[in-house]
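Each chain is listed here by its residues.
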Amino acid sequence: MSNITGITRGGSVWEPQFVTELNPATCIGCGRCYKVCPRDVFELVERSELDLDDAEMDDDDFDDDDNMMVMVISNAMDCIGCQSCAKVCPKKCHTHQAAAAA
Ligand code: SF4
Ligand code: SF4
């Protein structure tokens with residue numbers, strides 16, 4: 001099955017890049033991706049709710065604050081692949097890739 005493609009108003013074909021991962025070890029919970037996303041893809045949760053290995057966390061960012069909020073992908077199937085989240089994230093947390101329809 002071929003990947004999903006779109007077309008601009010001017011007739012150019014483009015290939016959406018859908019969000020596939022969000023790295024909780026680098027996320028600082030700033031909320032920028034949540035605000036910019038045109039779909040209901042992200043959710044802010046407490047870091048302590050996630051099953052994270054402390055060894056993976058960046059001590060400079062977290063300072064043992066288990067109540068810190070981090071962003072997670074809660075509704076990946078609603079992503080339209082615009083990559084706005086990646087453009088506003090100050091920590092480069094998101095991973096995107098082209099995909100066929102589910
Ligand atoms: S690529 Fe666009 S639609 Fe998908 S999660 Fe990021 S901002 Fe939302
Ligand atoms: S923009 Fe980046 S650092 Fe900020 S909440 Fe989203 S993933 Fe986390």
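Further up the page is the structure itself.
If you're wondering where the values come from, they're calculated on a predicted model, not measured in any experiment.

Scoring rules and cut-offs
- Starting afresh in each chain, residues are numbered from 1 along the sequence in its written order.
- Numbering of ligands from 1 and lettering of chains from A proceed in the order in which they are written.
- Restriction of local features to residues with pLDDT of at least 70 applies here, the model being predicted, together with a cutoff of 80 or more for giving and counting side-chain atom pairs; totals for whole chains, interfaces and linings are based on all residues.
- Note that the side-chain values use all heavy atoms of the structure and ignore hydrogens as well as water.
- Being near a molecule or strand, for a residue, comes down to having at least one heavy atom within 4 Å of it.
- For this classification, the nonpolar set comprises Ala, Val, Leu, Ile, Met, Phe, Trp, Tyr, Cys and Pro, the charged set comprises Asp, Glu, Lys and Arg, and every other residue, Gly included, is treated as polar.
- By salt bridge we mean one thing: a side-chain nitrogen of Lys or Arg within 4 Å of a carboxyl oxygen of Asp or Glu.
- Helix and strand assignments come from DSSP, with helices taken as H or I runs of at least 4 residues and strands as E runs of at least 2, each series counted from the N terminus.
- Burial classes: relative accessible area under 20% of the type maximum marks a residue as buried, over 50% as exposed, and values in between as partly exposed (1.4 Å probe, protein chains only).
- In this analysis the probe radius is 1.4 Å and the grid spacing 1 Å, with only protein atoms considered; a cavity is a set of points the probe fits into but cannot get out of, a pocket is an open set with protein on both sides within 12 Å along at least five of seven lines, and lining residues have an atom within 4 Å of a point.
- Grid points are joined across faces, edges and corners, and a volume is the space filled by probe spheres set on the points.
- What makes two residues a contact is simply this: any of their non-hydrogen atoms within 4.5 Å.
- Take the buried residues of types Ala, Val, Leu, Ile, Met, Phe, Trp, Tyr and Cys, join any two whose side-chain atoms come within 4.5 Å, and each joined set is a nonpolar core.
- Put simply, a patch holds well-exposed residues, over 30% relative accessible area, that have no salt bridge, with like charges counted together within 9 Å and Val, Leu, Ile, Met, Phe, Trp or Tyr side chains within 5 Å.
- Note on areas: Shrake-Rupley with a 1.4 Å probe; residue coverage comes only from the protein chains shown.
- Charge convention: Lys and Arg are scored as positive, Asp and Glu as negative, and His as well as the terminal groups of each chain are ignored.
- Where a charge lies is defined by one atom per residue type: Lys uses NZ, Arg uses CZ, Asp uses CG and Glu uses CD.

(A) Examining the site of ligand 2 more closely. Near ligand 2 you find 13 residues, and of these C27, C30, G31, C33 and C89 are the closest. Here the shell around ligand 2 is built from residues that sort into 9 nonpolar, 3 polar and 1 charged.

(B) Representation of the site of ligand 1 within the structure. Near ligand 1, the surroundings consist of 14 residues, among which C37, C79, C82, Q83 and C85 are the closest. Of the residues belonging to the shell around ligand 1, the class tally is 9 nonpolar, 4 polar and 1 charged.

(C) Summary view of the pattern of salt bridges. Enumeration over the complete set of coordinates arrives at 1 salt bridge. A salt bridge links R39 to D78; the shortest N-O distance between them is 2.9 Å. With R39 in the loop between helix 1 (32–36) and strand 4 (42–46) and D78 in the loop between strand 5 (69–73) and helix 3 (84–88), the pair connects residues that are 39 residues apart, well separated along the chain. Look at R39 and you get partly exposed, because its relative accessible area is 38%. The class for D78 is partly exposed, based on a relative accessible area of 25%.

(D) Inspection of the layout of surface pockets at higher detail. Considered as a void within the structure, the largest pocket measures approximately 200 Å³ in volume. For the lining of the largest pocket, a count of residues per class yields 10 nonpolar, 2 polar and no charged.

(E) Summary view of the environment of P90. Take P90: it is sitting in the loop between helix 3 and strand 6 (94–97). Expressed as a C-alpha distance, the spacing of P90 and C33, which sit 57 residues apart in the sequence, is 9.7 Å. Each residue touching P90, except ones within four places of it in the same chain, is listed here: I28, C30 and R32.

(F) Structural view of the nonpolar core. Within the largest apolar cluster, 16 residues are counted, with the highest numbers of intra-cluster contacts made by L22, C27, V41, F42 and M71. Looking at this core, the elements that each hand over two or more residues are strand 3 (18–22), strand 4 and strand 5. Those residues in contact with V41 that lie beyond four places of it in its chain are V19, V72, I73, S74, N75, A76, D78 and C79.

(G) Seen up close, a negative patch on the surface. Residues D40, E43, E46 and E49 make up a contiguous surface patch of negative charge. Here E43 is to be found in strand 4. A relative accessible area of 40% means that E43 is categorised as partly exposed.

(H) View of the side chain of H96. Within the secondary structure layout, H96 lies in strand 6. Excluding residues within four positions of it along the chain, H96 makes contact with Q17, F18, V19, T20, Q83, C85 and A86.

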